[in-house]
Amino acid sequence: MILVLTLLFAAYVLCMLAIAYGFKKVRLFSSETINPKTRFSIVIPFRNEAENLPQLLRTIEAINYPPYLFEVLFVNDASEDSSEEIVAGAIQKSKLNFQLLQNKYFSNSPKKDAISEAIKHSKFEWIATTDADCELPQNWLKSLDSFIQQENPILVCGPVLYKSDGSFIQNFQQADGLSLQAVAVGSFGHGNPLLCNGANLAYLKSAFLKVGGFSGNDHIASGDDIFLMEKIKKAFPKQLQFLKAKDFIVTTKPQENWKSVRNQRIRWASKTSKQKNMASLILGTLVLLVNIAILLIPVLMLFSSENLGLYFLLVVAKIITDYLVIHQTASFFEVKLPFWIFIWQPFLYAALIVSVVFGSIKGNYIWKGRSFQKP
């Protein structure tokens, strides 16, 4: 048992350090002053987002990019609140090119259907997606245009940050989100992208059509971002890039309670077993095993006191490793995370991830007022 635990934690530490190295390899991009020319169709599905849409709309109105070079396609996904009225009102007042579409359902994934519907109506060559509970930076499209002109990518993944008001639950989600961003950026740094986030994602419409859109995985409710990335990576292996720029950071709203946090994670986990990237599956398995071990170690300490020092060192090694990796990511996002968060976070995260794994085995969860079942 001692040898197994030691090897398990050693593998975890090495993987996390590799991720940190990959994160550093992705250069910080600085937009040059060039004439904008890329045309974007911004796609935003929404369902029951009346609370969040006004702030998103304000950030869209403030985008620093020629209005004739972008359009915004809102797709109403059967909202039951005043979301549709809010978007319709904004269309009447705005001078920007807004469209309001209604979702058409063809699969088990309403969000994928919504994005597909928007792309059918899109006029421009680049599709940029975000979520209705997000806020966009002023130079979002300017930075993306500059990157596209310089690097000639097919797909561009961007950074996403959870906002936090300093509360326990929001600090947890922010730190967890930063760890996912570390994996996303780090994997791009090693040339083998594992994660991306549909809240800040852009790709050529022609590439989306060439790979058949979401066909083949539209029976899975989530994964509109990762499954598409994997298909595009297979077709265009050298033209996926991460745009690591401070003026390209999209901020998103955290969940309000632990039940919603768990449901969100189950939704994410429901796609994990369907991913075809072996590195992603290995990393996910390693993280799961280490977190199970974190929950077992306090019990082992009670019944194997002669190894108390080793168990303590294993936990400390994980805490320090997590701190180094997430601190590096947090520095890019200009977020300050006190070290004490990392003392309790591993145990809470371990309990959550084990709960999520058992929940994802059953496969049932509630999201945006809908019930989903494992396909």
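Everything below is about the structure shown above.
Residues numbered from 1 in each chain as written. Predicted model: local features only at pLDDT ≥ 70, side-chain atom pairs only at ≥ 80, totals over all residues. Heavy atoms only, no water.

Another point: the pattern of salt bridges. Tallying each qualifying case throughout the model produces twelve salt bridges. In this structure, glutamate 117 and lysine 104 form a salt bridge, with 4.0 Å as the shortest nitrogen-oxygen distance. Separated by 13 residues along the polypeptide, glutamate 117 in helix α4 (residues 110-121) and lysine 104 in the loop between β3 (98-102) and α4 bring together distant segments of the chain. Exposure remark for glutamate 117: the relative accessible area of 4% places this residue in the buried category. According to the relative accessible area criterion, lysine 104 is partly exposed, its value standing at 46%. Here lysine 318 and aspartate 322 are joined by a salt bridge, their closest N and O atoms 2.6 Å apart. Taken together, the residues span about one helical turn, with lysine 318 and aspartate 322 both in helix α11 (residues 308-333) at a distance of four residues. Accessibility classification places lysine 318 together with aspartate 322 in one group, the buried group. In the salt-bridge network here, residues are joined through shared partners; they are Lys104, Glu117 and Lys120. (Salt bridge = Lys/Arg side-chain N within 4 Å of Asp/Glu carboxyl O. Helix = DSSP H or I, 4+ residues; strand = E, 2+ residues; numbered from the N terminus. Buried < 20%, exposed > 50% of the residue type's maximum accessible area, 1.4 Å probe, protein only.)

A sheet is described by the order of its strands in space; here seven strands give the open sequence β3-β2-β1-β4-β8-β6-β9, paired in mixed fashion. Bordering the open sheet on either side are β3 and β9 (240-242), each of which pairs with just one other strand. Within the sheet, the average angular offset between the axes of one strand and its neighbour, ignoring direction, is 20°. By the bridge criterion, seven bridges tie strand β1 (residues 40-46) to strand β2 (residues 70-76) in an arrangement that is parallel. For phenylalanine 46, the partnering residue across the bridge sits in β2 and is asparagine 76. Packing of helix α5 (residues 140-151) onto the sheet brings it into contact with β1, β2, β4 (126-129), β6 (155-157), β8 (201-204) and β9, and relative to β1 it is tilted by some 130°. (Pairing = 2+ DSSP bridges. Axes fitted to C-alpha atoms, helices over the stretch in contact; angles between N-to-C directions. Contact = heavy atoms within 4.5 Å.)

On to the pairing of β1, then. Here β1 lies mainly inside the structure; seven of its seven residues are buried. Each parallel crossover has a hand, and for β1 linked through helix α2 (residues 53-61) to β2 it is right-handed. Where β1 and β4 come together, four bridges link them in parallel fashion. Counterpart to valine 43 in the pairing with β4 is threonine 129. (Right-handed = clockwise from strand over helix to strand, strands pointing away.)

So, about the nonpolar core. If you look at the biggest cluster of nonpolar residues, it comprises 114 residues, and the most contacted ones within it are Ile60, Phe74, Tyr203 and Ile232. What tyrosine 203 contacts, discounting residues up to four positions off in sequence, is Ile115, Ile119, Glu125, Trp126, Ile127, Thr129, Ile154, Leu155, Phe208, Leu228 and Ile232. (Core = buried A, V, L, I, M, F, W, Y, C linked by side-chain atoms within 4.5 Å.)

Glancing now at unusual backbone geometry. A positive phi is found at alanine 78, a non-glycine position, where the angle reads about 55°. Examined against the element boundaries, alanine 78 turns out to sit in the loop between β2 and α3 (83-93). Positive phi, close to 60°, is recorded for glutamate 334, a residue that is not glycine. The residue glutamate 334 is located in the loop between α11 and α12 (341-362) in this model.

With that settled, the discussion passes to the environment of leucine 180. Residue position: leucine 180 is located in helix α6 (residues 168-189). In this structure the C-alpha to C-alpha distance between leucine 180 and isoleucine 266, which are 86 residues apart in sequence, comes to 15 Å. The contact partners of leucine 180, leaving out residues within four places of it in the chain, are Leu195 and Trp268.

So, on to the packing of α6 against α11. Contact geometry of α6 with α11 gives a least axis separation of 9 Å together with a crossing angle of 95°. In this view, α6 runs roughly perpendicular relative to α11, as classed from their interaxial angle. Of the residues in α11, those in contact with Ala175, Leu178, Ser179, Gln181 and Ala182 of α6 are Val325, Ile326, Thr329, Ala330 and Phe333. Of the residues contributing to the contact of α6 with α11, the split by class is seven nonpolar, three polar and no charged. (Parallel < 35°, antiparallel > 145°, perpendicular 65-115°, else oblique. Nonpolar A, V, L, I, M, F, W, Y, C, P; charged D, E, K, R; others polar.)

Attention now goes to the sheet that holds strand β5 (residues 134-135). With mixed pairing, three strands are arranged side by side in an open sheet as β5-β10-β7. The open sheet has two edge strands with one neighbour each: β5 and β7 (160-162). Pairing of β5 with strand β10 (residues 250-252) involves two bridges; the strand directions are antiparallel. Looking at β10, one finds that glutamate 135 is bridged to threonine 251.

A word on the side chain of arginine 265. Looking at where arginine 265 falls in the secondary structure, it is placed in helix α9 (residues 258-269). There is a polar contact of 2.6 Å between the side chain of arginine 265 and the side chain of aspartate 176. Among all residues touching arginine 265, those that are not within four sequence positions of it are Gln173, Asp176 and Val356. (Polar contact = N/O pair within 3.5 Å; in protein donor to acceptor, adjacent residues only side chain to side chain.)

Okay, a nonpolar patch on the surface next. A cluster of nonpolar side chains, contributed by Leu289, Ile292 and Leu296, occupies part of the molecular surface with about 240 Å² of accessible area. As for its position among the elements, isoleucine 292 is in helix α10 (residues 278-303). (Patch = residues over 30% accessible without salt bridge, like charges linked within 9 Å, V, L, I, M, F, W, Y side chains within 5 Å. Areas by Shrake-Rupley, 256 points an atom, 1.4 Å probe, with all protein chains shown as cover.)

Moving on, we get to the packing of α6 against α9. For the pair α6 and α9, interaxial distance at closest approach is 11 Å and the crossing angle is 20°. Classified by the interaxial angle, the pair formed by α6 and α9 is roughly parallel. Regarding α6 and α9, the two cross each other, and that crossing is left-handed. Contact with α6, carried on its side by Phe168, Ile169, Phe172, Gln173, Asp176 and Leu180, involves Trp258, Val261, Arg265 and Trp268 of α9 and no other residues of that element. Within the contact of α6 with α9, the residues separate by chemical class into seven nonpolar, one polar and two charged. (Left-handed = near helix turned anticlockwise from the far one by under 90°.)

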